[in-house]
Amino acid sequence: MLQVRDLKTYFFTAKGVVKAVDGISFSIKKGETLALVGESGCGKSITALSLLRLVPPPGKIVGGQIRFNGEDLLYLSESEMRRLRGNRIAMVFQEPMTALNPVLRIGDQISEVLLQHQDISPGEARDASIKLLHQVGIPAPEQRIREFPHQLSGGLRQRIVIAMALACNPQLLIADEPTTALDVTIQAQIMELLGRLQQQRQMATLLITHDLGVVAESAQQVAIMYAGLIVESASVAQLFAAPGHPYTRGLLASLPRLGEKRDRLSPIDGQVPSPLESHTGCPFLPRCPDVIPICSSRYPQLQETEPGQHVRCWRAE
């Protein structure tokens, strides 16, 4: 359904060119969930905005392909993209309070999505909004559509954002850290809701997260991002059983585990490199515990180490 090939999104600033996304490739099938994982600043959210061509200035997509059902989105006009956004491709943003308009009632905001993309009357849009709120598990939806965002809890606001995203039955849902700022119980409810709705509608989902626990529960495929690059991609089962990149192994080693007593967690030493830095060798070099001489002189390419598993590391050979 979605094929991304060598996507590059750069920001042209006074201090230099920030290569936020520097040539990434992945694909998602119908009904499948791909998790895009990495630390803050690695390029996950810019990837999502690139898919919808919503990259803020001074950012610009400078190369690559984004093929959705065989059609390259980079060649569509802006009016064609407006018809596609929120209709065939929808996005759940990570902070519902900023995704919702604080001065409009909930019902008006959901109805606006329906009226924009479907040939229905305002009354039909209102009825459809109530039905959507019921589907995402919001109690008393007839009352909620008359309320403003500030009158609702964070969990209810996130459910409303999900309802808006699903209003037009999208084929692809992009969920950008959909459980940020929610407590653990509400996080589990939101992820369960997304999984159930995905199965019912057979949507493809791009799940952007830094939480490997969410990945294990919710995704079938996973891509690990670091410094604007995908450094490993595999099925979830492969990744957790035999991670191939030292960054992936570091992420997994830093997680606490039930039943295992440790005085300290195992962090990844060092800092994420500045996006303004250029790399002749591997960008993970300063933090890597497994450096060999070639790492500093040549840029590693993504290569298949096992069927279905690709790793960007010289040691993977």
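The structure we're discussing is the one just above.
Let us look at the structure shown here. None of the values given here were measured: they were computed from a predicted structure.

## Concerning the sheet that holds strand β8 (residues 204–209)
Overall, mixed pairing links the 8 strands, which are arranged β6-β7-β8-β3-β9-β10-β12-β11 in an open sheet. Looking at the sheet topology across the chains shown, the edges are occupied by β6 (89–92) and β11 (303–306). Averaged over all adjacent pairs, the angle separating strand axes in this sheet is 25 degrees, with direction ignored. Relative to strand β7 (residues 172–176), β6 runs parallel, the two being bridged by 4 bridges. Along β7, the bridge assignment pairs M91 with I174. Against the sheet, helix α1 (residues 44–51) makes contact with β3 (33–37), β6, β7, β8 and β9 (221–226), and its axis sits at roughly 150 degrees relative to β8, the strand it touches most.

## Focus: the packing of aromatic side chains
Under the counting rule described, the total for this entry stands at 3 aromatic pairs. Each ring, one from Y226 and one from Y247, has its centre 4.7 Å from the other, and the planes form 55 degrees; the classification is tilted. Taken together, the residues span a long stretch of sequence, with Y226 in strand β9 and Y247 in helix α11 (residues 246–253) at a distance of 21 residues. A relative accessible area of 0% means that Y247 is categorised as buried. Through pairs of rings, three or more aromatic residues link up here, namely Y226, Y247 and F284.

## Describing the state of the cysteines
With the rule as written, the count across this model stands at 0 disulfides. Free cysteine: C42, not disulfide-bonded; nearest cysteine sulfur from C282 at 15 Å. Here C288 is not disulfide-linked; the sulfur of C313 is the nearest cysteine sulfur, at 6.1 Å.

Analysis parameters
Residues numbered from 1 in each chain as written. Predicted model: local features only at pLDDT ≥ 70, side-chain atom pairs only at ≥ 80, totals over all residues. Heavy atoms only, no water. Pairing = 2+ DSSP bridges. Helix = DSSP H or I, 4+ residues; strand = E, 2+ residues; numbered from the N terminus. Axes fitted to C-alpha atoms, helices over the stretch in contact; angles between N-to-C directions. Contact = heavy atoms within 4.5 Å. Phe/Tyr/Trp six-rings, centres within 6.5 Å; stacked < 30°, edge-to-face > 60°. Buried < 20%, exposed > 50% of the residue type's maximum accessible area, 1.4 Å probe, protein only. Disulfide = S-S within 2.5 Å.

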